[in-house]
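Summary of the model geometry
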Amino acid sequence: ASAQRVRKWRETALDGMGLSECTTVMIGRVPRRCKPIQLLEEVHAAGFWGQYDYYYLPMDQRGLTNRRIAFFNFVSSEVAERFYDSFNG
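Notes on the structure follow. (Residues numbered from 1 in each chain as written. Predicted model: local features only at pLDDT ≥ 70, side-chain atom pairs only at ≥ 80, totals over all residues. Heavy atoms only, no water.)

Here the focus is the overall build of the chain. Each helix and strand in the chain was counted, giving 3 helices and 3 strands. When the helices and strands of the chain are read in sequence order from the N terminus, they spell out α-β-α-β-β-α. By residue count, 31% of the 89 residues in the chain fall in the buried class. Taking contacts inside the chain between residues at least 6 apart in sequence as the whole, the part at least 24 apart equals 58%. Entry remark: accessible area of the chain is about 6,400 Å², with carbon and sulfur atoms responsible for 50%. (Helix = DSSP H or I, 4+ residues; strand = E, 2+ residues; numbered from the N terminus. Buried < 20%, exposed > 50% of the residue type's maximum accessible area, 1.4 Å probe, protein only. Contact = heavy atoms within 4.5 Å. Areas by Shrake-Rupley, 256 points an atom, 1.4 Å probe, with all protein chains shown as cover.)

Encoded structure:
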């Protein structure tokens, strides 16, 4: 994406107007002991089963804890927006 487009996305998000048609959401402050399956169960329980095509929860080198962030890429910007609204708070 061009620098101008990225700047527009950032301004829209900072103004509280959503994700600017982005489909990828980063989740911060994931509890360190949360395992990948636990996070997926939470997301599925919230109604997002089958609504994403990529998920990543980075783990530390020993695999005992996560790095407190996760990424989901959703099938559409509308689904990403619903997810953001559900979990942002």
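On to the nonpolar core. Counting residues in each nonpolar core, the largest one holds 17 residues, and the members touching the most others are L39, Y52, Y55, F72, F74 and F83. Ranked by residues supplied to this core, first place goes to helix α2 (residues 36–48) with 4 residues. Each residue touching Y52, except ones within four places of it in the same chain, is listed here: L40, V43, H44, F72, N73, F74 and V75. (Core = buried A, V, L, I, M, F, W, Y, C linked by side-chain atoms within 4.5 Å.)

The subject of this paragraph is the pairing of strand β1 (residues 24–28). Side chains V25 and I27 of β1 all project onto a buried face; the interleaved residues T24, M26 and G28 project onto a face where none is buried. Examined bridge by bridge, β1 and strand β3 (residues 69–74) share 5 bridges and lie antiparallel to one another. Each residue of the ladder has a partner; that of G28, found in β3, is I69. (Pairing = 2+ DSSP bridges.)

This part covers the environment of R32. Tracing the backbone shows R32 in the loop between β1 and α2. You can call R32 partly exposed: its relative accessible area is 43%. Counting along the chain gives 34 residues from R32 to N66, while the straight-line C-alpha distance between them is 5.3 Å. Every residue in contact with R32, bar those within four places of it in the chain, is listed here: T65, N66, R67 and R68. Of the polar contacts made by the side chain of R32, one reaches the backbone oxygen of N66; its length is 3.0 Å. (Polar contact = N/O pair within 3.5 Å; in protein donor to acceptor, adjacent residues only side chain to side chain.)

By themselves, these are just geometric observations and shouldn't be taken as functional.
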